[in-house]
Amino acid sequence: EPEVTQTPSHQVTQMGQEVILRCVPISNHLYFYWYRQILGQKVEFLVSFYNNEISEKSEIFDDQFSVERPDGSNFTLKIRSTKLEDSAMYFCASSDEGLAEAFFGQGTRLTVV
Amino acid sequence: GQSLEQPSEVTAVEGAIVQINCTYQTSGFYGLSWYQQHDGGAPTFLSYNGLDGLEETGRFSSFLSRSDSYGYLLLQELQMKDSASYFCAVRDIPPSGAGSYQLTFGKGTKLSVIP
């Protein structure tokens, strides 16, 4: 069964460092998303991406965040200068149509120290 | 703003039926989805209601009433493996009219199934 894969599963980084979280969406999907979940809290929308551009972003997705689809398979989330409060589980998701259900990857647990 | 309310915890006996309610106040409502999340795992899609009424998928059913801004997830013949958190999530078409939606999640209901 096709699935969304994310790497790494766990990333530890020092405050102020840049991190890149990687995702390989399901191959025929066209819509891509990043969500995050701070430990014990709800899942929060960050950004949606379609046709090589951001469709929508939340207020969480400020200038320190960026997304990119560098090739035909990968979808990345970059955090330029990490802060302690960026520590969370980051989920990538994809869907084949804009209004179809989204399939989530297993997540990357980011720990900023 | 967006807000969704669901109970924080529910406990039920194996083999029983449990209903998890969700009420919402959102703009641009397009539909209500339900996701399951085991500890440390990814949210897994369970069910979606775009129209009023009941949707059934095996042991799981979901209901939506748009006029009441209310939905529920019904789990039947509970199994121990159903112990997880369950999130309702509103599909919201953003004001920009972008062709995709964003999910606004509730805080989740932690279901514990006991023998």
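Residues numbered from 1 in each chain as written. Chains lettered and ligands numbered in written order. Predicted model: local features only at pLDDT ≥ 70, side-chain atom pairs only at ≥ 80, totals over all residues. Heavy atoms only, no water.

(A) Up close: the overall build of chain A. Secondary structure assignment for chain A yields zero helices and eleven strands. For chain A, the succession of helices and strands along the chain, N to C, is β-β-β-β-β-β-β-β-β-β-β. The C-alpha radius of gyration computed for chain A amounts to 13 Å, which stays within 12% of the reference 13 Å derived for 113 residues, consistent with globular compactness. Principal-axis analysis of the C-alpha atoms places the extent of chain A at approximately 35 × 30 × 25 Å. Relative to its full complement of 113 residues, chain A shows a buried share of 48%. For chain A, the exposed area adds up to about 5,700 Å²; of that, 45% sits on carbon and sulfur atoms. Counting 9 positive and 16 negative side-chain charges, chain A places the averaged centre of each group 7 Å from the other. (Helix = DSSP H or I, 4+ residues; strand = E, 2+ residues; numbered from the N terminus. Rg over C-alpha atoms; globule rule 2.2 N^0.38 Å. Buried < 20%, exposed > 50% of the residue type's maximum accessible area, 1.4 Å probe, protein only. Areas by Shrake-Rupley, 256 points an atom, 1.4 Å probe, with all protein chains shown as cover. Lys, Arg positive; Asp, Glu negative; His and termini not counted. Charge placed at Lys NZ, Arg CZ, Asp CG, Glu CD.)

(B) How the structure looks around the pattern of salt bridges. Under the definition given, this model contains three salt bridges over all chains. The closest approach of N and O atoms between Arg36(A) and Glu44(A), which form a salt bridge, is 3.3 Å. You can call Arg36(A) buried: its relative accessible area is 11%. The salt bridge partner of Lys110(B) is Asp39(B), with a shortest N-O separation of 3.9 Å. Of the two residues, Lys110(B) is situated in strand S11 (residues 109-114) and Asp39(B) in the loop between strand S4 (29-37) and strand S5 (44-49); the sequence distance between them amounts to 71 residues. (Salt bridge = Lys/Arg side-chain N within 4 Å of Asp/Glu carboxyl O.)

(C) Fine view of the environment of Asp39(B). By relative accessible area, Asp39(B) is classed as exposed at 70%. Through-space distance from the C-alpha of Asp39(B) to that of Arg59(B) is 21 Å; in sequence the pair is 20 residues apart.

Note that all results are geometric; they support no functional claim without further evidence.
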